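Summary of structural features
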Amino acid sequence: MSRSILLVSAVCALLLSGLPAAAAAPAEHTLTLPNGLRIVVHEDHRAPTAVVQVWYRVGSIDESDGTSGLAHVLEHMMFKGTPSVPAGAFSKTIARVGGRDNAFTGTEHTAYFEQIHRDQLELALRMEADRMANLSFRDSDFASEIKVVMEERRLRTDDQPRAMLDEQLAATVFQSNPYRRPVVGWMDDLQHLTANDARDWYHRWYAPNNACLVVAGDVQAAEVFRLARRHFGPLARRPLPPRRPQLEAEPLGARRIVVKVPATVPVLAIGWPAPALRDAERDWQPYALDLLAAVLAGDTGRFADQLVRGRQVAVSADAGFDDLRRGPGLFTVEAAPVAGHSIAELEQAVLDEIRRVQDQGVSSEELARVRTQVVAAQVYGRDSVFFQAMQIGTYDTLGLPWQEVDRVPERLARITPEQVQEVARRYLQPDRSTVAVLDPQPLPAGAPAPDPLAGPVRGLENHHAP
Amino acid sequence: MRRDACALVLPLALAALLALPASAAPAAPVLQQWTTSQGSHVLFIEEHALPMIDVEIDFHAGSAYDPPGKEGLAALVIDNLNDGTPQHDEQALARAFADAGAQLAGQADADRASLTLRTLSSAAQREPALDLLCELLHAPTFPQPAFERERTRSLSGLREALAQPDGLADQAFYPRMFPGHGYGRQPGEASLQAIARDDLALFWSTRYRAAGAVISLVGDLDRTAAQALAERLSAALPAGAAPDPLPPQSQPMVPGRIDIAHPAEQAHLLLGLPGFAFGDPDYVALMVANYVLGGGGFSSRLTEEVREKRGLVYNVNSQFVPQAQPGAFEISLQTRRDQAAQALALVRKVLDDFVAHGPTAAELKAAQQNLAGGFPLRLDSNRKLLAFAAMMGFYHLPDDWMQAYPRAIRTLTLAQVRDAVRRRLHPDQLLTVVVAGSPAADAPAGAVQ
């Protein structure tokens, strides 16, 4: 339900980048306060609602060994009170005015949001400003909440075979970059985090000059700026810790891991590091890699055509490129074999398709199809005010101009089939790959056998009087 | 895949109730309804702000209509609908939709099979997309190879789900919640294997008919164009009498406790009681009550007691699942396996207290403020309006429901809510499924050895 990690999947990255904020938004919709807080307002007057999002430019990429998961833990603690809004009161206050609130943490950012009636704008801004500066939680609340976070890890990672596979893949692709650590944190690190670790994190990173306020919906920009000045204006700017590049060294050869967990269906995941978007105007390789992923993935992609429908070696096969991040980008393929086909056959089939792009390139018809979908998705994206605010926050947190969101179709339109072929050749080499295989282990005795499926579960249950 | 059936209201109605300044109020969406000449019910909201159109067609063709022994058929029909027409094969269809910039999706829940199309409204892109939609509504060919491939995929998905605690819990829970009824049917390997390609064609021709279908349209088209479009869609569908409605449940639920072993780190707990159907006189009172008990996130008692005070879970919630026939009331949570007994005892205590005493006056007020005050958020995009219209049409909600429902929330009294809770929730009848509980440490006294 709540306080949750946002995992923007690699497949979504292209669509995310392809969806618009207001076209050519007027300059008065952006303001930076003297204390460094950036404010972006996106007006949309279709319904009397608004979304407020506060994006902090701090995520798991800023963590260190031994304290993984800290960015996300602090996100949970941000609901544990200030002198004027006691623990638990934030969400209840928003709920009582008909609103919803929550938060999410990723590798790059920690963000908080409220979805409210437009008349409650000031309430949301006042409480967000308050917890930007005045968070003050008790040790006992930390002790309780860290248990909640461990339950979250069990629910979303430990007991999810595919999540375990993805976690292990990232931990192997990246050796020097912090992306090797999961956003939720290693369990052992969570067990040793302290309340003071969280307080230190808060004091280090939570400052107006490390944040962006995005307000979208049925609001007037001038009114948002007036209220933001009133509530955020008095907060003090603070020096921020240095951020180091932590660049990943070029892989020295293929890496291969096996993940053995209780499961029934094997899964193949392959990852290749590749350049993320840095200069939205001049870079071309990330856009070419976006197009490559789109040509391979989806209903009309080559994997569906060749692996799912044609050779029928995969029940599913997907590709994605995550390039909206401060560290290295990651190109991934994930596929599951049809029963009776081995992981080795599936891997060969996937690599055959990649080799085909490397050797023969892609057609301009395929690129045109992807572009048509991106342009349409840009219109569809305007239906969700929340999503538009998300895009603005995502870009701003990366230090990219948020206006770039609108320009993705034209950036993609410049990419040629030859450039797509070139990035496939340069980055998707076997020697640069990490191959991770989910090797399903039988559920232990007493648990359902992998194949107990005819009718209700048999021989496994005990009825007891209530 | 259940839709959240929480209620919705038009912004204008709410604005009036709250006496908000009307000056800047955006024009409220207006819902128009009619019936096509072939007998499809149409709901239409005209919205010109964005150059796009959303279409949803709902059929009485959800999993509750799976023939016994062929569970999984309804889902296969909607999955295979776009696998071929006399004019296009599967790949050509997928490419043609993509080339039009359109997005087609299908899904089935217990009651409904739903097909949605999102398209740009310019004629150059709209017309090819709508032509394709009509084509696959009119004559899906369900080619044998695609069918076999999709069935293999379903089997794989089923195997994956039934290795997970959630899938195992559902498999045990629903047959006991709805014995002998369509809502209790769960697909299994044998039932999927028993389905043949011709079963899909037969199911489609009897349940995807114009009569009884509900067509919802939202977006950039006027009434005349909407009427023409609805006629076209309806005419494409098979003729014949409207399919039979779902019969009521004839056998009572089977209370008790079921334990299923599993090596997961967390135990998954699923608790159930009989719920209600759309149109139930206690609908509003029970929805409001559920907000207080476990539907209201951090404002709910379950989250407060189980998560906030004790850190036992990341997620605990309760919900009613209103459907065409009475659905279930469900509480679900996940906790480290050695805490399962403690968490279950606590949930039982919270539930028992709630049923015995009902909400407090302050809790009722907070629930009313959230559920009525939050309505505009449920209608602030075309996507949400579409889902709202489709639900209203499919479940025959009254025409004035958008106005009447928030009014009913606001005028509920404490006595009415307490009375409904006492009459409708009987914790002694609870069905409890625990997957991956640790049996040794897990037993409430006297319940489990």
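Residues numbered from 1 in each chain as written. Chains lettered and ligands numbered in written order. Predicted model: local features only at pLDDT ≥ 70, side-chain atom pairs only at ≥ 80, totals over all residues. Heavy atoms only, no water.

Further remarks concern the overall build of chain B. Each helix and strand in chain B was counted, giving 17 helices and 11 strands. A compact globule built from 449 residues would reach a C-alpha radius of gyration of about 22 Å, and chain B, at 23 Å, matches this within 12%. Each principal axis of the C-alpha distribution contributes one length, and for chain B these read about 65 × 60 × 35 Å. Here chain B holds 449 residues, and 60% of them are scored as buried. Partitioning the intrachain contacts of chain B with sequence separation of at least 6 by distance along the chain shows that 81% fall at a separation of at least 24. Surface exposure of chain B reaches about 15,700 Å², of which carbon and sulfur atoms provide 55%. (Helix = DSSP H or I, 4+ residues; strand = E, 2+ residues; numbered from the N terminus. Rg over C-alpha atoms; globule rule 2.2 N^0.38 Å. Buried < 20%, exposed > 50% of the residue type's maximum accessible area, 1.4 Å probe, protein only. Contact = heavy atoms within 4.5 Å. Areas by Shrake-Rupley, 256 points an atom, 1.4 Å probe, with all protein chains shown as cover.)

Attention shifts here to the overall build of chain A. Looking only at helices and strands, chain A has 16 helices and 13 strands in total. Relative to its 466 residues, chain A shows a buried fraction of 62%. Sequence-distant contacts, at least 24 apart, represent 83% of the contacts inside chain A between residues at least 6 apart. A total accessible area of about 17,000 Å² is found for chain A, and carbon and sulfur atoms account for 53% of it.

A separate point is the sheet that holds strand S1 (residues 31-35) of chain B. Residue and element names in this part refer to chain B. With mixed pairing, six strands are arranged side by side in an open sheet as S1-S2-S6-S3-S5-S4. Two strands in the sheet have a free side with no partner beyond their single neighbour: S1 and strand S4 (103-108). With strand direction ignored, the average angle separating the axes of adjacent strands in the sheet is 15°. Judged from the six bridges that link them, S4 and strand S5 (residues 113-120) form a sheet pairing that is antiparallel. By the bridge assignment for S5, Leu104 is matched with Leu117. Helix H9 (residues 223-236) rests against S1, strand S2 (41-46), strand S3 (52-59) and strand S6 (214-219) of the sheet, and its axis sits at about 145° to S6. (Pairing = 2+ DSSP bridges. Axes fitted to C-alpha atoms, helices over the stretch in contact; angles between N-to-C directions.)

Turning next to the nonpolar core. Residue and element names in this part refer to chain B. Core analysis: the largest hydrophobic core is formed by 73 residues, its most contacted members being Val55, Ile57, Leu137, Tyr208, Leu217, Leu233 and Val433. Residues in contact with Leu217, not counting those within four places in the same chain, are Val42, Leu43, Phe44, Ile45, Asp54, Val55, Ala226, Leu229, Ala230 and Leu386. Counting 66 residues, the second largest nonpolar core, distinct from the first, contains Phe278, Val313, Leu346 and Tyr395. (Core = buried A, V, L, I, M, F, W, Y, C linked by side-chain atoms within 4.5 Å.)

This paragraph deals with the sheet that holds strand S11 (residues 329-337) of chain A. All names here are of chain A. Here five strands make up an open sheet; going across it, the order is S8-S12-S9-S11-S10 and the pairing mixed. Of all the strands in the sheet, the pair left with one neighbour each is strand S8 (255-262) and strand S10 (314-322). Sheet twist, expressed as the mean angle between neighbouring strand axes with direction ignored, is 15°. With five bridges connecting them, strand S9 (residues 267-274) and strand S12 (residues 434-441) associate as antiparallel partners. In the sheet register, Ala269 faces S12, and the bridge partner there is Ala436. Packing of helix H12 (residues 343-360) onto the sheet brings it into contact with S8, S9, S10, S11 and S12, and relative to S9 it is tilted by some 35°.

Our next topic: the domain arrangement of chain B. All names here are of chain B. Assigned domains of chain B: these are domain 1 (9-236) and domain 2 (256-435). Here the C-alpha centre of domain 2 lies 27 Å away from the C-alpha centre of domain 1. At the junction of the two partners, domain 1 supplies 45 residues and domain 2 supplies 41 residues. Note on domain 1 versus domain 2: buried area summed over both sides is about 3,700 Å², and carbon and sulfur give 72% of it. At the junction of domain 1 and domain 2, the tally comes to zero salt bridges. (Domains from an automatic or database assignment. Buried area = accessible area lost by both parts, 1.4 Å probe. Salt bridge = Lys/Arg side-chain N within 4 Å of Asp/Glu carboxyl O.)

The geometry of an aromatic ring pair comes down to the distance between the two centres and the angle between the two planes. On inspection of all chains with the given rule, the structure shows 27 aromatic pairs over all chains. Where Trp401(B) meets Tyr405(B), the ring centres are 5.0 Å apart and the plane angle is 20°; that geometry is what we call stacked. With Trp401(B) and Tyr405(B) both in helix H15 (residues 401-411) and four residues apart, this pair spans about one turn of that helix. Here the basic side chain of Arg131(A) rests over the ring of Phe79(A), its NZ or CZ set 4.7 Å away from the ring centre. Sitting over the face of the ring of Phe90(A), Arg131(A) holds its NZ or CZ atom 3.6 Å from the ring centroid. (Phe/Tyr/Trp six-rings, centres within 6.5 Å; stacked < 30°, edge-to-face > 60°. Lys NZ or Arg CZ within 6 Å of the ring centre and 35° of its normal.)

It is worth spelling out the pattern of salt bridges at this point. All names here are of chain A. Summed over the entire model, instances satisfying the criterion amount to 66 salt bridges over all chains. The partner of Glu223 in a salt bridge is Arg226, with the nearest N and O atoms 2.9 Å apart. One end of the pair is Glu223 and the other is Arg226, both in helix H9 (residues 221-232) and three residues apart, which spans about a single turn. Of the charged contacts in the structure, one is a salt bridge between Arg311 and Asp352, with a shortest N-O distance of 3.3 Å. You can see Arg311 sitting in the loop between helix H11 (302-310) and S10 and its partner Asp352 sitting in helix H12, a full 41 residues away along the chain. Judged by relative accessible area, Arg311 falls into the partly exposed class, the value being 44%.

Residues and elements named next belong to chain A. Residue-level pLDDT values for chain A average 90, and 89% of them are 70 or greater. Taken together, the stretch residues 4-28 has pLDDT below 50 and engages in 78 contacts with residues farther than four places along the chain or on a different chain. Counting interchain partners and residues more than four positions distant, the pLDDT-below-50 stretch residues 448-466 has 40 contacts. (pLDDT = per-residue confidence, 0-100.)

Looking now at the packing of helix H13 (residues 364-381) of chain A against helix H3 (residues 90-99) of chain B. Relative orientation of the contacting elements H13(A) and H3(B) amounts to 55°, with a least axis distance of 8 Å. Between H13(A) and H3(B), the interaxial angle falls into the category oblique. Of the residues in H3(B), those touching H13(A) at Arg369(A), Thr372(A) and Gln373(A) are Arg95(B), Ala98(B) and Asp99(B). Taken together, the residues of the contact of H13(A) with H3(B) sort by class into one nonpolar, two polar and three charged. (Parallel < 35°, antiparallel > 145°, perpendicular 65-115°, else oblique. Nonpolar A, V, L, I, M, F, W, Y, C, P; charged D, E, K, R; others polar.)

With 76 residues of chain A at the contact, the number on the chain B side is 87 residues. Of the roughly 7,300 Å² buried between chain A and chain B, counting both surfaces, carbon and sulfur atoms make up 57%. Our enumeration of links across chain A and chain B arrives at eight salt bridges. Between the two partners, chain A and chain B, sit 28 residue pairs in polar contact (both at pLDDT 80 or more). (Polar contact = N/O pair within 3.5 Å; in protein donor to acceptor, adjacent residues only side chain to side chain.)

Residues and elements named next belong to chain B. Position of Asp244 among the secondary structure elements: in the loop between H9 and strand S7 (256-260). C-alpha separation for the pair Asp244 and Tyr65, spaced 179 residues apart in sequence, amounts to 9.7 Å. Those residues in contact with Asp244 that sit more than four places away from it in its chain are Tyr65 and Arg207.

This part is about helix H8 (residues 197-207) of chain B. Residue and element names in this part refer to chain B. What H8 keeps buried is the set Asp199, Leu200, Phe203, Trp204 and Arg207. The buried residues of H8 occupy an angular sector of 130° when the element is viewed end-on, so they sit on one face. For H8, the exposed residues set more than 90 degrees away from the buried face come down to Asp198 and Leu202. For H8, the elements touching its buried residues are S3, helix H2 (73-80), helix H4 (123-138) and helix H5 (144-161). (Arc of directions from axis to C-beta.)

With that settled, the discussion passes to the packing of helix H12 (residues 340-357) of chain B against helix H16 (residues 414-424) of chain B. All names here are of chain B. Between H12 and H16, the shortest axis-to-axis distance is 7 Å and the interhelical angle comes to 125°. Relative to H16, the element H12 lies oblique. Where H12 approaches H16, its residues Phe354, Val355, Ala356 and His357 are matched on the opposing element by Arg418, Val421 and Arg422. Grouping the constituent residues of the contact of H12 with H16 by class yields four nonpolar, one polar and two charged.

Below, the discussion takes up the pairing of S1(B). Residue and element names in this part refer to chain B. Pairing geometry for S1 and S2, over five bridges, is antiparallel. Opposite Trp34, over in S2, you have Val42 as the bridge partner. Connecting S1 to the next strand, S2, in antiparallel fashion are five residues, including Gly39 with a positive phi near 95°.

This part covers helix H2 (residues 70-77) of chain A. Within H2(A), eight of the eight residues are buried, which leaves the element mostly enclosed by the surrounding structure. Turning to H2(A), its buried residues are Leu70(A), Ala71(A), His72(A), Val73(A), Leu74(A), Glu75(A), His76(A) and Met77(A).

All names here are of chain A. The topology assignment puts Ile343 in helix H12. For Ile343, a relative accessible area of 16% gives the class buried. Considered as a pair, Ile343 and Asp439 are 96 residues apart in the sequence and their alpha carbons are 9.3 Å apart. If we ignore the near neighbours within four places in the chain, the residues touching Ile343 are Pro266, Val267, Leu268, Pro337 and Val437.

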